[in-house]
Every structure is written in C-alpha cells, then in structure tokens.
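# Survey of secondary and tertiary structure
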Amino acid sequence: YLVRLFGQLQLTETLPLLKQKLNSEFPALRFEAITAMVAFGDQTWMGEVSNMHKLLTDWEHIMLLEHFKRLPPAQLPPFERWLGLARPDWVLFAVRLCRHFNRFDKIPTMGKLLRSQPTAIQDAILDAFYYLGSPAVLP
C-alpha cells in the first residue's frame, strides 16, 4: 500500500526505496514498485531493470500490460527501448506492448530479434507480426 501511495503522490525522494523493491521476493510488491516508478514519468530508472535478479513472471507481465493499457499515450514509458535490453523478460514485455499499441514502426527491430531470442520471444514476435499485419488493425 505504501509503495502505491508513493507512486500516486510522485514523491521523488522515494525512488531509491522503490528501486530496492524491484528485487523483492513478493511479486505484488515488485509490480507495485514498477507501476509506481512508471507514474513518475521519468523513465531513466529503467536502467535499473538489468540489475533485477529475478525475471518478470507471467503474472507480472499480465498485470503490467493491463496497467499500461489504462495509461494515456502521453504517460507511456518509451517501451520500444526495452526491445534492446539484455533481459529476455523485458524484451518479451516490450514485444507484447508493441503488439498492443500497434507499433508498426518496430516490425524491423522485432524481425532482427527473431534469430537470437528464446522461443517464447520468437513466438510473441510472430504473434505480433500476425496481428500487426491483419487488415483489421492497419491504419
């Protein structure tokens, strides 16, 4: 609850504490720390993601995706940068976000990832290509 409150109040003094919570053993606390940091708007903290010891779980992916869907476009972090991270969990999350937010411009970047990523990311990229190539979503 306190971490959520920090995010809502956007208390920048709490950023060091929130960064520490990124390595929490409790998925709900990690989720709240990430969403609180997203609320700050300044995404420079995302460099800390590579220092997280635990990978994002499927549950965290789902919860974060639902959270990001509700954000106004101006408040979205630059998630396309996460495609270049060395963390497969965040690359997978970025692919899912690119699919959801119809990022047609990221198709070449995702295409380059097909060769070097784990199967789950390759599957997500192919799913994104299938979705983004659908006539229903073309602008």
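The present account deals with the structure reproduced in this document. Because the structure is a prediction, the values reported are computed rather than measured. (Residues numbered from 1 in each chain as written. Predicted model: local features only at pLDDT ≥ 70, side-chain atom pairs only at ≥ 80, totals over all residues. Heavy atoms only, no water.)

A few words now on the overall build of the chain. Looking only at helices and strands, one finds seven helices and zero strands in the chain. Each helix and strand of the chain, placed in order from N terminus to C terminus, yields the pattern α-α-α-α-α-α-α. Partitioning the intrachain contacts of the chain with sequence separation of at least 6 by distance along the chain shows that 63% fall at a separation of at least 24. Per element, the accessible surface of the chain, about 7900 Å² overall, is 58% carbon and sulfur. (Helix = DSSP H or I, 4+ residues; strand = E, 2+ residues; numbered from the N terminus. Contact = heavy atoms within 4.5 Å. Areas by Shrake-Rupley, 256 points an atom, 1.4 Å probe, with all protein chains shown as cover.)

Once that is clear, we can look at the packing of helix α4 (residues 58–70) against helix α5 (residues 88–100). Where α4 meets α5, the closest approach of the two axes is 11 Å, and the angle between their N-to-C directions is 35°. Of the two possible hands of crossing, α4 and α5 adopt the one that is right-handed. Where α4 abuts α5, its residues H61, L64, L65, F68 and K69 lie against D89, W90, L92, F93, R96, L97 and H100. Looking at side-chain class alone, the contact of α4 with α5 contains seven nonpolar, two polar and three charged residues. (Axes fitted to C-alpha atoms, helices over the stretch in contact; angles between N-to-C directions. Left-handed = near helix turned anticlockwise from the far one by under 90°. Nonpolar A, V, L, I, M, F, W, Y, C, P; charged D, E, K, R; others polar.)

Further remarks concern the packing of aromatic side chains. Going through the model one piece at a time under the given rule, you end up with six aromatic pairs. The interplanar angle of 35° and the centroid separation of 5.7 Å between the aromatic rings of F79 and F101 together place this pair among those described as tilted. One end of the pair, F79, is in the loop between α4 and α5; the other, F101, is in the loop between α5 and α6 (107–113), and 22 residues separate them in sequence. Here W82 and W90 contribute two aromatic rings whose centre-to-centre distance is 5.0 Å and whose plane-to-plane angle is 80°, an arrangement assigned as edge-to-face. (Phe/Tyr/Trp six-rings, centres within 6.5 Å; stacked < 30°, edge-to-face > 60°.)

Applying the stated rule across the entire model yields five salt bridges. D89 serves as the salt-bridge partner of R87, at 3.0 Å between the closest nitrogen and oxygen. Classification of R87 as buried rests on a relative accessible area of 8%. For D89, a relative accessible area of 6% corresponds to the buried category. Salt bridges linked by common partners bring E80, R103 and D105 together as one network. (Salt bridge = Lys/Arg side-chain N within 4 Å of Asp/Glu carboxyl O. Buried < 20%, exposed > 50% of the residue type's maximum accessible area, 1.4 Å probe, protein only.)

Here the focus is the side chain of R87. For R87, the position within the fold is in the loop between α4 and α5. A distance of 3.0 Å separates a polar atom in the side chain of R87 from a polar atom in the side chain of D89. (Polar contact = N/O pair within 3.5 Å; in protein donor to acceptor, adjacent residues only side chain to side chain.)

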